[in-house]
Amino acid sequence: MKYTQLGRTGLQVSRLVLGTMNFGSEADEAVSHALMDTALDAGINFFDTANIYGVDEDKGLTEKILGSWFARGGGRRDKVVLATKMYGDMTPGKPWSTEAWPNHSKLSAVNIRRSVEASLRRLGTDHIDVYQFHHVDRATPFEEIWQAVDVLITQGKILYAGTSNFPGYKIAQANEIAARTGRLGLVSEQCLYNLAERRAEMEVVPAAQEYGLGVIPWSPLHQGLLGGALRKEREGTGARTRTGRSAAGLADPAVRARIQAYEDLVAKHELEPGEVALAWLLTRPGVTGPIVGPRTPAHLESALRALELELGEELLAGLDEIFPGPGPSPEAFAW
C-alpha cells in the first residue's frame with residue numbers, strides 16, 4: 001500500500017479511501033465486515049462514512065456496522081483513520097436535506113454537537129479522526145462553526161475538520177477565518193471529481209492546494225459510467241447503469257460516444273476501465289486518494305490493482321482528448 005500526508009497535516013493515509021456508503025444498503029453486515037477486513041489487510045487505513053448513510057428507516061446504519069466491526073477488536077480502531085460527515089436531517093424516511101425540526105440539520109453549533117455525540121455512539125468509539133461537513137450552510141457563520149470545532153477538539157472527540165461539496169470560495173473563507181484566530185482550519189475536501197467530471201479543477205482543487213487541504217474525490221467511476229458501462233450493457237451485467245443518473249447519461253448519444261471512445265482506448269492498452277479511472281485520479285495534483293465504494297470483494301480487488309498501474313504518456317494524452325479538463329483558472333472562464 002502507498003501512503004501520503006493528508007493535506008498539510010502529519011497524518012499518514014492510504015492512497016485509496018474505503019467508502020462505506022453501500023454498507024447496510026447494498027452489502028449486509030457480514031459482507032461489510034469482510035470488505036473492511038480485506039481492506040485493512042491490504043493496508044487501506046482511511047475509512048470514510050457519514051451519519052446519513054444506511055437505509056431510509058435506519059439512517060446511521062452504516063456507522064453502526066463500522067461500530068460492530070471495531071468492537072471485534074484486533075486493533076481495528078487503532079489502525080483506522082476514521083472520517084465521517086454530518087449536515088443532513090436524520091429523521092427516518094426523510095430526504096437527507098429535509099428539516100423535520102429546527103436545528104436538526106446543517107452546521108449550527110447545536111447540531112454539530114448533537115451529531116458528533118450520535119456518531120460516536122453508533123461508531124462505538126471515543127473520537128473521530130476527520131470530522132467533515134457534508135454541505136455548505138449559508139446561514140451559519142464560520143466563526144460559530146470553528147468555535148464548535150474548538151470545543152470538540154479540546155474534548156478529544158474529533159482531531160481534524162474537513163469538508164465535502166464545498167466550492168473554492170467557501171474553502172478560502174473558512175480557512176482565512178481560521179487563520180485569523182490561529183486555528184489549523186480545514187484539512188481536506190471531499191468533492192465530485194473524475195475523468196468525466198473535471199469541473200473541480202477550475203476552483204475547488206486549486207483552492208485546496210493553496211490552503212493545504214487534501215483532495216478526496218468521490219464517485220471516481222462517475223456512478224459506474226467509467227467502469228466499463230457499455231461492455232457490461234452488452235453482457236447484460238450492468239445493473240448499476242440501468243437506473244438513475246448513469247442511465248440518463250447513457251441515454252445521451254454524446255455521452256455514449258465518449259464512453260465508447262474511452263472503453264476502446266483502454267482496451268487498446270489491454271487495461272480495465274475502472275482501474276484506469278482510479279489510476280488517473282492518483283496522477284492528479286493535490287489528490288490524496290479516491291473513495292472506492294465496493295459492494296463485493298471483486299470490486300475491492302479491482303480498486304487495489306489500480307494502485308499498481310503506470311499510465312503512459314500516450315494513454316494520458318488520449319484520456320485528455322476524450323475528457324478534456326476545463327483548464328486553469330481564470331483563463332478557463334475569463335477568455
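Criteria and thresholds
Within every chain, residues take consecutive numbers counted from 1 along the sequence as written. Side-chain atom pairs in this predicted model are given and counted only at pLDDT of 80 or more, local residue features only at pLDDT of at least 70, and totals for whole chains, interfaces and linings cover all residues. Hydrogens and water molecules were not included; the side-chain quantities draw on all heavy atoms of the structure. If DSSP finds at least two bridges between two strands, the strands pair. Strands here mean DSSP runs of E at least two residues long; helices mean DSSP runs of H or I at least four residues long; both are numbered from the N terminus. Here an axis means a line fitted to C-alpha atoms, over the contact stretch when the element is a helix, while the angle between two N-to-C directions is reported on a 0 to 180 degree scale. If an angle is under 35 degrees, it is roughly parallel; if it is over 145, roughly antiparallel; if it lies from 65 to 115, roughly perpendicular; otherwise it is oblique. Put simply, a crossing is left-handed when the front helix is turned counterclockwise from the back one by less than a right angle, and right-handed when it is turned clockwise. By definition in these notes, contact holds between two residues if any of their heavy atoms fall within 4.5 Å. Only Asp, Glu, Lys and Arg are considered charged, only Ala, Val, Leu, Ile, Met, Phe, Trp, Tyr, Cys and Pro nonpolar, and every remaining residue, Gly among them, polar. Working rule for helices: expected span equals 1.5 Å times residues minus one. Working definition: with a 1.4 Å probe on protein chains only, accessible area under 20% of the residue-type maximum means buried, over 50% means exposed, and in between means partly exposed. The arc under discussion is defined with respect to the helix axis, by the directions toward the C-beta atoms.

1. Notes on the sheet that holds strand β11 (residues 214–218)
In sheet architecture, strand pairing relies on hydrogen bonds along the backbone and comes in two forms, parallel and antiparallel.
Step number 1: Ordered in space as β11-β10-β9-β8-β7-β4-β3-β12, the eight strands form an open sheet in which the pairing is parallel. Edge positions in the open sheet fall to β11 and β12 (291–292), since each of these has one partner strand only.
Step number 2: With five bridges joining them, strand β8 (residues 128–133) and strand β9 (residues 158–164) adopt parallel strand pairing. Looking at the pairing, glutamine 132 lines up with glycine 162 of β9.

2. Focus on the packing of helix α5 (residues 142–154) against helix α6 (residues 168–180)
The packing of two helices is summarised by the inter-axis angle and the distance between the axes.
Step number 1: Interaxial distance between α5 and α6 falls to 10 Å at its minimum, and their mutual angle equals 60°. Here α5 lies oblique to α6, going by the angle between them. Relative to α6, α5 is oriented so that their crossing is right-handed. On the side of α5, the interface is formed by Phe142, Glu143 and Trp146, while α6 contributes Lys170, Gln173, Ala174, Asn175, Ile177 and Ala178.
Step number 2: Partitioned by chemical class, the residues of the contact of α5 with α6 number five nonpolar, two polar and two charged.

3. Overview of the environment of leucine 120
Step number 1: Along the chain, leucine 120 falls in helix α4 (residues 109–123).
Step number 2: In the structure, leucine 120 is positioned 61 residues away from lysine 59 in sequence and 14 Å away in space, judged by C-alpha atoms.
Step number 3: Contact partners of leucine 120, with chain neighbours within four places excluded, come to Thr125, Asp126, His127, Ile128 and Lys157.

4. Here we look at α5
Step number 1: Taking 1.5 Å as the rise per residue, α5 with 13 residues should run 18 Å; its terminal C-alpha atoms sit 18 Å apart, in good agreement.
Step number 2: Along α5, the residues classified as buried are Phe142, Ile145, Trp146, Ala148, Val149 and Leu152. Along the axis of α5, the buried residues cluster in a sector spanning 160°; they form a single face. When the buried face of α5 is taken as reference, the exposed residues oriented beyond 90 degrees from it are Gln147 and Thr154.
Step number 3: Looking at the buried residues of α5, the elements they touch are α4, β8, β9, α6 and β10 (186–192).

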